[in-house]
Amino acid sequence: MARHFLLAILLALADSCQEIRVVSKDGGVVVGRSMEFSIPLNSHLVSEPAGTVHEAPLPPNCHGNPVTFTNRFKTISNWNVFAEKWTNSIADGVNEAGVSISILWFKGYAEYLNPADISGVTCGNALPHTKIGAYILAKYESVEEVKKDLENGKFPAIWAGTDLNIVPPIHFNIIDKTGAGIVLEHTKGEGVKWYDNTVGVTTTSPPFPWHMTNLRNYPHLQKSDKGREGFEYSSLGNTYILSQQWTGSGLLGIPGDYTSPSRFVKAATLLSLAPKPATTDEAIVQAFHLMNAADIPYGIVETGDRVKYTPWILVKDLSRGCVYYRGYTDLSVKRLCFDDLPWDPAAVKIEGNFSDGFKDSSGDLRPLDSISLD
């Protein structure tokens, strides 16, 4: 009961996560994702080799051996610990083929098949929704493959699974190393839906089409101050112009709060206005800066008696097979790459210590007259 209560509280506050896609001129595809939660997460990045076997429980009217699926690829995914136990679902991940999946909150809209309705031949191709993330990373090397299986009915039937006695309402953003992306949603009254994610942004509820329609309310946002040079008025036959003494008026009216609709608009706007990076390295840097614009410092957003904040950010280089990450206390950026993973499953904690997050550069000081001004 205590574990049930704890997870219910935490998941109820995981409603501000977001993801963006950045594509560089050299063809690199980089995905940035933030996690928003209410208390410090015991979050890890877990690496699994190809050949790792996953097991899923059977619905009540199915009998025999549990459903299993096997990793075709190496994977790196985010696992979390509650009550000294790994949760049943990953929150994020990428495979060595360059497919990324993010699991984001979908409160008020998510609905999956009733497990009691799964029976007969469907039993062999049915999974709880808590296993979708791991399944996609294990099986697919492109978004196109996922779409084909969804279209031809080969994708598993998805039933309402539990994570510590909770049915978490979630939807899924899937992106591959070509830059193609889809949002996969299981929506009340509509069933399974998937949408091409051409804008390169995903947040939480409402459904993805609602967010795209809402963008139509913000055509005025621009990067320059052109046309907004000042306030002009007339008085007693004279014309006056109060010129602005600052920059940034092109973005007057951009949403700045932490609701999901506002975060979607802000992320889509900044992503569309940011210059296209020349290289994949520059795309990684840009992704971190864009994600920083969505960062929630601890203590400024409360829901009831709980505080919501951003405990970590991931930036996934789909083209070169690396995951960059930082925590909240340890702000240094660290990296895992598929080429350097061990042969056996392994894990590293995302959060570090404060002292791990900076470099003391006093030893790098040089006499002022020796500094090159080139």
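The rules we used
- Residues numbered from 1 in each chain as written.
- Predicted model: local features only at pLDDT ≥ 70, side-chain atom pairs only at ≥ 80, totals over all residues.
- Heavy atoms only, no water.
- Salt bridge = Lys/Arg side-chain N within 4 Å of Asp/Glu carboxyl O.
- Helix = DSSP H or I, 4+ residues; strand = E, 2+ residues; numbered from the N terminus.
- Buried < 20%, exposed > 50% of the residue type's maximum accessible area, 1.4 Å probe, protein only.
- Phe/Tyr/Trp six-rings, centres within 6.5 Å; stacked < 30°, edge-to-face > 60°.
- Contact = heavy atoms within 4.5 Å.
- Expected span 1.5 Å × (residues − 1).
- Patch = residues over 30% accessible without salt bridge, like charges linked within 9 Å, V, L, I, M, F, W, Y side chains within 5 Å.
- Areas by Shrake-Rupley, 256 points an atom, 1.4 Å probe, with all protein chains shown as cover.
- Core = buried A, V, L, I, M, F, W, Y, C linked by side-chain atoms within 4.5 Å.
- Disulfide = S-S within 2.5 Å.

(A) Representation of the pattern of salt bridges. In the structure shown here, the tally under the stated rule is twelve salt bridges. Of the charged contacts, one joins Glu36 and Arg263 as a salt bridge, the two residues approaching to 3.1 Å between their closest N and O atoms. Of this pair, Glu36 sits in strand β2 (residues 29-37) while Arg263 sits in helix α5 (residues 260-273); the two residues are 227 residues apart in sequence, bridging distant segments of the chain. On the basis of relative accessibility, which here comes to 0%, the residue Glu36 falls in the buried class. Notably, a salt bridge pairs Asp364 with Lys359, separated by 3.5 Å at the nearest N-O pair. By relative accessible area, Lys359 is classed as exposed at 67%. If you follow the salt bridges from partner to partner, you end up with Glu19, Arg33, Asp92 and Lys316 in one network.

(B) Fine view of the packing of aromatic side chains. A complete count under the given rule lists 13 aromatic pairs for this structure. On the basis of an interplanar angle of 20° and a centroid distance of 6.3 Å, the ring pair of Tyr140 and Phe155 is categorised as stacked. Note that Tyr140 is positioned in the loop between α2 (132-139) and α3 (143-152) and Phe155 in the loop between α3 and β11 (157-159), a separation of 15 residues in sequence. The class for Tyr140 is buried, based on a relative accessible area of 3%. Ring centres 5.2 Å apart and planes at 55° place the aromatic pair Phe354 and Phe358 in the tilted group.

(C) Structural view of the environment of Leu318. Here Leu318 is to be found in the loop between β19 (306-317) and β20 (322-326). For Leu318, a relative accessible area of 3% corresponds to the buried category. In this structure, the C-alpha to C-alpha distance between Leu318 and Val67, residues 251 residues apart in sequence, is 29 Å. If near-sequence neighbours (up to four positions away) are discounted, Leu318 is found in contact with Val29, Val31, Val94, Gly98, Ser100, Ile175, Asp176 and Lys177.

(D) Layout of α5. Here α5 is 14 residues long and its end C-alpha atoms lie 20 Å apart, about the 20 Å a rise of 1.5 Å per residue gives. Of the positions making up α5, those classed as buried are Ser260, Ser262, Arg263, Phe264, Val265, Ala267, Ala268, Thr269, Leu271 and Leu273. Among the structural elements, β1 (18-23), β2, β15 (201-202), α4 (208-214) and α6 (280-292) are those in contact with the buried residues of α5.

(E) Summary view of a nonpolar patch on the surface. Together, Phe231, Tyr233, Tyr240 and Leu242 make up a nonpolar patch on the protein surface, roughly 410 Å² of accessible area in all. Of all the secondary structure elements, the ones that give two or more residues to the nonpolar patch are β16 (230-235) and β17 (238-243). Relative to the helices and strands, Tyr240 resides in strand β17. Overall, Tyr240 belongs to the partly exposed group, its relative accessible area being 35%.

(F) Broad picture of the nonpolar core. In terms of nonpolar packing, the biggest core is built from 30 residues, with Ile101, Ile136, Phe155 and Ile174 touching the most fellow members. Only β5 (67-70), β9 (99-105), α2, α3, β12 (170-176) and β13 (181-187) provide two or more residues apiece to this core. Here this core takes six residues from α2, the largest share from any one element. Leaving out residues up to four positions away in the same chain, Phe155 has contacts with Asn125, Ile132, Tyr135, Ile136, Tyr140, Val146, Asp149, Leu150 and Leu184. Residues Val183, Ala283, Ile284 and Tyr324 belong to the second largest nonpolar core, which totals 22 residues.

(G) Spotlight on the state of the cysteines. If you walk through the whole model with that rule in mind, you get two disulfides. One disulfide bridge connects Cys62 with Cys123, the sulfur atoms lying 1.9 Å from each other. Across the disulfide from Cys62 to Cys123, rotation about the S-S bond amounts to roughly -80°, and the bridge is consequently left-handed. Of the two residues, Cys62 sits in the loop between β4 (53-56) and β5 while Cys123 sits in the loop between β9 and β10 (126-128), which places them 61 residues apart along the sequence. Of the two residues, Cys62 and Cys123, both sit in the buried class. Between the sulfur atoms of Cys322 and its disulfide mate Cys337 the distance is 2.0 Å. Disulfide Cys322-Cys337: torsion about the S-S bond near 105°, hence right-handed. One end of the pair, Cys322, is in strand β20; the other, Cys337, is in strand β21 (residues 334-337), and 15 residues separate them in sequence.

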